[in-house]
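Summary of the model geometry
Spelled out, the chains give:
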Amino acid sequence: MSKREEHTVFEKEVKEFLEENLPKHLARKIEFGESVSREELTLWTSTLDKKGWVAPHWPLEFGGTDWNLQKRHIFDVVCRKYHAPPLSGFGFNMVGPAIIKYGTDRQRNYFLPQIRSGELWFCQGYSEPGAGSDLANLKMSAQRSGDSYVLNGSKIWTSGAEDADWIFCLVRTDNESQLQKGISFVLVDLNTYGISIKPLFAFNRKRLWNQVFFDSVVVPIEQRLGEENKGWTVAKSLLGDERLMVSRVAENKRVLGVLRKNIARMKDRSVLLEEAIKKSVTQIEIALLALEHTSLRFLQTADKGNNVGAEVSLLKILGSQLIQRQDELIFQSIDHLAVPASSSESQEAVPRWANAVASGTYHHRGYTIAGGSTEIQRNIIAKQILGL
Ligand SMILES: Cc1cc2nc3c(=O)[nH]c(=O)nc-3n(C[C@H](O)[C@H](O)[C@H](O)COP(=O)(O)OP(=O)(O)OC[C@H]3O[C@@H](n4cnc5c(N)ncnc54)[C@H](O)[C@@H]3O)c2cc1C
């Protein structure tokens, strides 16, 4: 079987699985940008776990798969197309792989099965007031006291801390060394005495982030991941393969599907607007195709065991810009769909679409900043590719 045929068979298998196992009401919620409860997400996570597909990028021995990056891309695209809820990236994409690489057997045995089954949720404690793009400037201190560290300071912009059980944190264990060299990586149970969580709301009053305060929080040294003062190495490794998945092609394709549905609903309302939007959609489709092919080119390079350099920064910039352009078009289409319509289908759908538009747009705006802002990506391209 050729690679292409193999991929087609695989795509069909994923589709069949989703048709049989993804709860329809859950997919509808994702389609319309509505919140999914922790219980619903945990159930979906464990369904994938039972199939062996919950952590495709983990090694087989830890419950992953042997798929290459191209297969993972197909899986992502099909899942997003069917509006399957994305799983918590903090556990599956960030700390999970780091535990596999740097964890002790005890840490692996404790955390990995619980991440896979969806029972244990992590959040990410990197950013601090005063340390975002310049992360190495972080100040949260971890002072040795016997067999423990005592943590003091705070983390900010912590997404999902309100639902999480544990947080992985970068902390300063040495003030004397160069900035990056005095950092360690610790795993902290959010129920530990001395931790308090303050919600931070976005302008639409949605709780998007938190500030997590640590007031003399005692954390056993055995909860450190990797060596003391080598946390920067662990943090960098979290990027790993995930660096290559930043183009958000799968999510862009899903949003394109939503946009197309809206255009179909616009028929008989405004022919002029429909035509104008269709033209923009065509331009987006071309740009998305180019992004997908560029992304696949990098994935193939990595699958062959070759290094992919700073070029992936391009993917992050383009992927986030593209999805934001799509959001603008959905906004335009929703304006027209909001006019009372005669068909009952439209009347039912409009409030739901409005929700989808709002939550999608606000969420996608964050892509410009989260995980390394566009300006920082441009700096990387300027320095490492253009040699400026
Ligand atoms: C939706 C969302 C979710 C997030 N979730 C988390 C999370 O769960 N955990 C976590 O730890 N963090 C999280 N963050 C924080 C995110 O990582 C930081 O916001 C990001 O690293 C930027 O840091 P900052 O906000 O301190 O901005 P700053 O670093 O202060 O930057 C402010 C502006 O200056 C620009 N800038 C900074 N330095 C340079 C430079 N050298 N050259 C050119 N321009 C520059 C930046 O691009 C930005 O526009 C999240 C952010 C968002 C938006």
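Below, the structure is looked at part by part. (Residues numbered from 1 in each chain as written. Predicted model: local features only at pLDDT ≥ 70, side-chain atom pairs only at ≥ 80, totals over all residues.)

Residues in close proximity to the ligand total 17 residues, the closest being Tyr-126, Gly-132, Ser-133, Gly-366 and Ser-373. Where the shell around the ligand is concerned, the elements lending two or more residues are strand 1 (122-125) and helix 12 (374-385). Looking at side-chain class alone, the shell around the ligand contains six nonpolar, ten polar and one charged residues. Summarising the domain contributions, the shell around the ligand has at least three residues from each of domain 2 (122-234) and domain 3 (246-385). (Near = placed C-beta within 6 Å. Helix = DSSP H or I, 4+ residues; strand = E, 2+ residues; numbered from the N terminus. Nonpolar A, V, L, I, M, F, W, Y, C, P; charged D, E, K, R; others polar. Domains from an automatic or database assignment.)

This part is about the packing of helix 1 (residues 3-21) against helix 4 (residues 69-81). Put simply, helix 1 and helix 4 touch, their axes get as near as 10 Å, and they point 35° apart. Regarding helix 1 and helix 4, the two cross each other, and that crossing is right-handed. Residues His-7, Phe-10, Glu-11, Val-14, Lys-15 and Leu-18 of helix 1 touch helix 4, and the partners they reach there are Gln-70, Lys-71, Ile-74, Phe-75, Val-78 and Cys-79. The residue makeup of the contact of helix 1 with helix 4, split by class, is seven nonpolar, two polar and three charged. (Axes fitted to C-alpha atoms, helices over the stretch in contact; angles between N-to-C directions. Left-handed = near helix turned anticlockwise from the far one by under 90°. Contact = placed C-beta atoms within 7 Å.)

We now examine the pairing of strand 7 (residues 207-220). Pairing of strand 3 (residues 148-155) with strand 7, which is carried by seven bridges, proceeds in the antiparallel orientation. For Leu-151, the partnering residue across the bridge sits in strand 7 and is Val-217. By the bridge criterion, seven bridges tie strand 6 (residues 195-201) to strand 7 in an arrangement that is antiparallel. Paired with Ile-197 across the two strands is Val-212, which belongs to strand 7. The antiparallel pairing of strand 6 with strand 7 creates a hairpin that spans five residues between the two strands, and Arg-205 there sits at a positive phi of about 70°. (Pairing = 2+ DSSP bridges.)

It is worth spelling out the pairing of strand 3 at this point. Burial along strand 3 is one-sided: Tyr-149, Leu-151, Gly-153 and Lys-155 are buried, and none of Ser-148, Val-150, Asn-152 and Ser-154, which face the opposite way, are. Joining the antiparallel neighbours strand 2 (residues 141-145) and strand 3 is a turn of two residues, in which Gly-146 adopts a positive phi near 60°. (Buried ≥ 20, exposed ≤ 12 C-beta atoms within 10 Å, placed from the backbone.)

A separate point is the nonpolar core. Judged by nonpolar contacts, the single largest core of 46 residues is most densely connected at Phe-122, Ile-167, Val-186 and Val-188. Here this core spans two domains, since at least three of its residues come from each of domain 1 (3-87) and domain 2 (122-234). In terms of nonpolar packing, the next biggest core, distinct from the first, is built from 23 residues, Val-249, Leu-291, Leu-299 and Ile-323 among them. (Core = buried A, V, L, I, M, F, W, Y, C linked by C-beta atoms within 7 Å.)

In short, geometric facts, not functional conclusions.
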